[in-house]
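Fold and contact review
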Amino acid sequence: SPARPPVIPDSNLTSQGPERSKKQGRPVRVGIIDSVPIHYRTPLYRVLAQDPRLDLTVIYVSSAGVRPFDSGFGQEVTWDVDLVSGYRNEFVKKADSNQPNAPMTNIWDWDVVRRVWSGEFEALWVTGYYYITFQLAMLTQLVARRPLLFREEQTTLEPRPFWKRALKQTLLRLLLSNAFGLYIGTENRQWMRWLGIPETRLFHVHYCADVEFLASEAARLAPA
């Protein structure tokens, strides 16, 4: 079954953090910035949305997946499962034209700044850094002095030019200066440490699967 949400320790970043919600007896406002609706993430979002301790909103950069898109296989596809029910979700204004495989500089969504700022998310979970939109969301949360959760699949295993490593490290160290890192595995954890996130703000959030759905599909497709 999907993993439980990570426990966020007390934060000194702001008086508007999760502890304040606990004292006021209301759910913690959590925002997630994700690239596209996709079948291996939405089950987790549904589980989180059912948790009475959380008030969850997922903001998508692209509507690819709920509309036909070029998946890189030489043809347009759409997922054949429901990706947007069971949890609150929104799309940025240019979601219908944003392509998930576009170059980084092609994805600029300034409206995400207003949405993150006005949402007053007591924890913002950003699922990457590649798009400028992701970076704008992280910067907004940083300026607002509210907790940021960061998840990304990168490692230090792949060699990169010095200038690219230096630029990435400088930019991401700034954006993640007070972030909590949600690492997937050992090498991903090392990458986050390379970016300066201390051990005290690193949490293991592994991949998860909707076991009940997979079991039901296996039973449905099994030979008679």
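Everything below is about the structure printed above this text.
Described below are features of the structure shown in this document. (Residues numbered from 1 in each chain as written. Predicted model: local features only at pLDDT ≥ 70, side-chain atom pairs only at ≥ 80, totals over all residues. Heavy atoms only, no water.)

Side note on the overall build of the chain
- Along the backbone of the chain there are seven helices and nine strands.
- For the chain, the proportion of its 224 residues judged to be buried stands at 43%.
- Just so you have it, the chain exposes about 12300 Å², and 56% of that area is on carbon and sulfur atoms. (Helix = DSSP H or I, 4+ residues; strand = E, 2+ residues; numbered from the N terminus. Buried < 20%, exposed > 50% of the residue type's maximum accessible area, 1.4 Å probe, protein only. Areas by Shrake-Rupley, 256 points an atom, 1.4 Å probe, with all protein chains shown as cover.)

So, the pairing of strand S2 (residues 54–60)
- Among the seven residues of S2, five are classified as buried, and the element is accordingly described as predominantly covered.
- In terms of strand pairing, strand S1 (residues 28–34) meets S2 through seven bridges, oriented parallel. In the sheet register, Val-28 faces S2, and the bridge partner there is Leu-54.
- Handedness of the crossover joining S1 and S2 through helix H2 (residues 42–49) is recorded here as right-handed. (Pairing = 2+ DSSP bridges. Right-handed = clockwise from strand over helix to strand, strands pointing away.)

A short note on the nonpolar core
- One finds Ile-33, Leu-124, Met-138 and Leu-176 to be the most contacted residues of the largest nonpolar core, which totals 31 residues.
- Residue contributions to this core peak at five residues, all from helix H4 (residues 132–143).
- Excluding anything up to four places from it in sequence, Leu-176 contacts Met-138, Leu-148, Phe-150, Leu-195, Ile-197 and Arg-201.
- Core analysis: the next-biggest nonpolar cluster, separate from the first, contains 16 residues, Ile-32, Tyr-87, Phe-180 and Val-205 among them. (Core = buried A, V, L, I, M, F, W, Y, C linked by side-chain atoms within 4.5 Å. Contact = heavy atoms within 4.5 Å.)

A short note on the sheet that holds strand S7 (residues 148–150)
- Strand order in this open sheet of seven strands is S5-S2-S1-S6-S7-S8-S9, and the pairing throughout is parallel. Both edges of this open sheet fall to strand S5 (89–91) and strand S9 (202–204), since each of them pairs with a single strand only. The average angle at which neighbouring strand axes cross in this sheet is 20 degrees, direction not considered.
- Sheet contacts for helix H3 (residues 111–119): S1, S2, S5 and strand S6 (123–126); angle to S1, the most-contacted strand, approximately 165 degrees.
- Against the sheet, helix H6 (residues 186–194) makes contact with S7, strand S8 (180–183) and S9, and its axis sits at roughly 160 degrees relative to S8, the strand it touches most. (Axes fitted to C-alpha atoms, helices over the stretch in contact; angles between N-to-C directions.)

A few points about the pattern of salt bridges
- Across all of its chains, the model carries ten salt bridges by this definition.
- A salt bridge links Arg-26 to Glu-122; its shortest N-O distance comes to 3.1 Å. Of this pair, Arg-26 sits in the loop between helix H1 (18–24) and S1 while Glu-122 sits in the loop between H3 and S6, placing them 96 residues apart in sequence.
- Classification of Arg-26 by relative accessible area gives partly exposed; the value is 26%.
- We note a salt bridge from Glu-158 to Arg-160, for which the minimum N-O separation is 3.7 Å.
- Arg-160 sits in the partly exposed class, given a relative accessible area of 22%. (Salt bridge = Lys/Arg side-chain N within 4 Å of Asp/Glu carboxyl O.)

Section: the environment of Thr-78
- In this fold, Thr-78 is placed in the loop between strand S4 (76–77) and S5.
- Separated by 13 residues in the primary sequence, Thr-78 and Gly-65 have C-alpha atoms spaced 5.1 Å apart.
- The contacts of Thr-78, once residues within four sequence positions are left out, are Gly-65, Arg-67 and Pro-68.

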